[in-house]
Amino acid sequence: MEIDDTQEKGNGSEDSPESNDLIKVRAIITCPNGDYKKKFRNQFLRKEMEMMIVSFKVFDWLTCNKCGELLKLDLEFNI
Ligand SMILES: [Zn+2]
């Protein structure tokens, strides 16, 4: 008789429903010269973190359309 116990189940990890995996982020884009500021909020699943970071990389090359300075992006995570 063989007992296959390679799959362990019921390890008591039921305390993390998917709703708890939601991360809220606030992005604030500002111009270092102070003539531009924009905030927006978003939320995403923890497993989508990498995708979200890639999408925010777009802002790395945004420039202020008033003075031409590179805009600064600040992210505030609410985990
Ligand atoms: Zn500016």
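Just above, that's the structure.
These numbers come from a predicted model, not from an experiment.

What exactly am I supposed to notice about the overall build of the chain here?
Helix and strand counts for the chain come out as one helix and three strands. The order of helices and strands in the chain, counted from the N terminus, is β-β-α-β. Taken across its 79 residues, the chain has 1% of its residues classed as buried. In the chain, 57% of the contacts between residues at least 6 apart in sequence involve partners at least 24 apart.

Explain the environment of Lys-72 here, please?
With respect to the helices, strands and loops of the structure, Lys-72 is situated in strand E3 (residues 72-78). Placed ten residues apart in sequence, Lys-72 and Leu-62 show a C-alpha to C-alpha distance of 8.5 Å.

In this structure, what is going on with the sheet that holds strand E1 (residues 22-30)? I would like to understand it.
For sheets, the rule is that strands pair by backbone hydrogen bonds, running either parallel or antiparallel. Strand order in the open sheet formed by three strands is E2-E1-E3, and the pairing between neighbours is antiparallel. The outermost strands of the open sheet, each flanked by one partner alone, are strand E2 (37-45) and E3. Neighbour-to-neighbour, the strand axes of the sheet open up by a mean angle of 20°, direction not taken into account. Taken together, the nine bridges between E1 and E2 define a ladder with antiparallel strand orientation. Bridged to Leu-22 within E2 is Leu-45.

How should the environment of Leu-73 be read in this particular structure?
Within the secondary structure, Leu-73 sits in strand E3. Judged by local crowding, Leu-73 falls into the partly exposed class, with 15 C-beta atoms found within 10 Å. Counting along the chain gives 36 residues from Leu-73 to Lys-37, while the straight-line C-alpha distance between them is 10.0 Å.

Sorry, what's going on with the pairing of E2 here?
Remember that side chains alternate between the two faces of the sheet whenever the strand is regular. Burial of E2 is sparse: only zero of the nine residues sit out of reach of the surface. Once E1 ends, the chain turns through six residues before running back antiparallel as E2, passing Gly-34 with a positive phi of about 80°.

Is there a simple way to think about the environment of Val-25 in this case?
Within the fold, Val-25 resides in strand E1. Take Val-25: there are 18 C-beta atoms within 10 Å of it, and that puts it in the partly exposed class. Along the sequence, Val-25 and Met-52 sit 27 residues apart, while their C-alpha atoms lie 9.9 Å from each other. Once residues within four sequence positions are removed from consideration, Val-25 is found in contact with Asn-42, Gln-43, Leu-75, Glu-76 and Phe-77.

What counts and what doesn't
Residues numbered from 1 in each chain as written. Predicted model: local features only at pLDDT ≥ 70, side-chain atom pairs only at ≥ 80, totals over all residues. Helix = DSSP H or I, 4+ residues; strand = E, 2+ residues; numbered from the N terminus. Buried ≥ 20, exposed ≤ 12 C-beta atoms within 10 Å, placed from the backbone. Contact = placed C-beta atoms within 7 Å. Pairing = 2+ DSSP bridges. Axes fitted to C-alpha atoms, helices over the stretch in contact; angles between N-to-C directions.

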